[in-house]
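Remarks on the overall topology
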Amino acid sequence: MNSTSIVECLPRRIGGSGNSYGSRILTALPGILALVLLTATVCRAGTSQLSADARRDLELRPGVVQVIAILKGTSGGLSCKITASGTGFLYRPDGYLITNGHVAQLAHTKDDKALKLQREKILGCLVKSAEQSLHRRLVNREVEVVYSRMKTASALAVVLDNGKQYVGEIKAYSDPITTGGKDVAIIKIDGNNLPTVP
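In short, a report on the structure. (Residues numbered from 1 in each chain as written. Predicted model: local features only at pLDDT ≥ 70, side-chain atom pairs only at ≥ 80, totals over all residues. Heavy atoms only, no water.)

The next point concerns the overall build of the chain. In terms of helices and strands, the chain carries six helices and six strands. When the helices and strands of the chain are placed in sequence order, the string is α-α-α-β-β-β-α-α-α-β-β-β. Out of the 198 residues in the chain, the part that is buried amounts to 34%. The long-range share in the chain, meaning contacts at least 24 apart out of those at least 6 apart in sequence, stands at 60%. (Helix = DSSP H or I, 4+ residues; strand = E, 2+ residues; numbered from the N terminus. Buried < 20%, exposed > 50% of the residue type's maximum accessible area, 1.4 Å probe, protein only. Contact = heavy atoms within 4.5 Å.)

Let us now look at helix H5 (residues 112-134). Residues that lie three or four places apart on an α-helix share one face, since the helix turns once every 3.6 residues. Over its 23 residues, H5 extends 33 Å from the first C-alpha to the last, a length consistent with the 33 Å expected when each residue adds 1.5 Å. Residues of H5 that are buried include every one of Ala114, Gln118, Ile122, Leu123, Leu126, Val127, Ala130 and Glu131, and no others. Those residues of H5 that are buried lie in contact with strand E1 (64-75), strand E2 (78-90), helix H6 (140-148), strand E4 (151-159) and strand E5 (165-173). Taking the backbone nitrogen of lysine 113 as reference, a side-chain oxygen 3.3 Å away marks aspartate 111 as the first, capping residue of H5. (Expected span 1.5 Å × (residues − 1). Polar contact = N/O pair within 3.5 Å; in protein donor to acceptor, adjacent residues only side chain to side chain.)

Our focus in this paragraph is unusual backbone geometry. In this structure, histidine 135 takes a positive phi of about 60° despite not being glycine. Mapped onto the elements of the fold, histidine 135 is located in the loop between H5 and H6. Its relative accessible area of 73% is what places histidine 135 among the exposed residues. A positive phi angle, close to 55°, is found at asparagine 193, a residue other than glycine. Residue placement: asparagine 193 occurs in the segment after strand E6 (185-189). Owing to a relative accessible area of 74%, asparagine 193 belongs among the exposed residues under this scheme.

Turning next to the nonpolar core. Among the nonpolar cores identified, the biggest contains 33 residues, and Leu97, Ile187 and Ile189 are the most heavily contacted of them. Broken down by secondary-structure element, the contributors of at least two residues to this core are E1, E2, helix H4 (101-104), H5, E4, E5 and E6. The element that contributes the greatest number of residues to this core is H5, accounting for six residues. Among residues more than four places away in sequence, those in contact with leucine 97 are Val65, Val67, Phe89, Leu90, Tyr91, Val158, Ala185, Ile186, Ile187 and Ile189. (Core = buried A, V, L, I, M, F, W, Y, C linked by side-chain atoms within 4.5 Å.)

What follows covers the sheet that holds E4. With antiparallel pairing, the six strands of this closed barrel are ordered in space as E1-E2-E3-E6-E5-E4. With direction set aside, neighbouring strand axes in the sheet form an average angle of 40°. One ladder, built from 12 bridges, connects E1 with E2; its direction is antiparallel. Each residue of the ladder has a partner; that of glycine 73, found in E2, is cysteine 80. (Pairing = 2+ DSSP bridges. Axes fitted to C-alpha atoms, helices over the stretch in contact; angles between N-to-C directions.)

Turning next to the state of the cysteines. Across all of its chains, the model carries one disulfide by this definition. The side chain of cysteine 80 participates in a disulfide bridge whose partner is cysteine 125; the two sulfur atoms lie 1.4 Å from each other. A residue pair is termed long-range when its members are at least 10 positions apart, and cysteine 80 in strand E2 and cysteine 125 in helix H5 qualify at 45 residues. (Disulfide = S-S within 2.5 Å.)

Below is the structure:
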């Protein structure tokens, strides 16, 4: 079947007669194509008018990631989840990235200060949850019971600009500036040929 017979069949398949929906589409098709071409030209012209900083941002964007630290806690029938998020950037194509220490702190399990902070935050969250369900404040003994039964688990998620998600592992960590550190964390994700920020 040649292209002429396909066009001739189109109105009949879509709507039948010459005044059908299909023939109206064919009539409007040149205008639609002109609009598409005009839009593409305007978009190209718009990107050439970007400032040098805006162009640089677009170039670097694939190497910028979102880092999400997740801390979960349970105690008896209570449960709580706390998240912290921030950005980071890939500096090696094999999955090494840099972010702030305070972003990764909730998922850092090899640092006593970070572990203490995690337990304090989860305890506060669990106590608040218990108080809301009981409609009263917990007494010290009840808070001690919640603490003694408390279990925590943490995870670190990394989301690339394209939406792909990875589990992150903290390779190096420095406390946040507020506690005297340099506020830097090096995280490794399992990936290859990843976009980087030079």
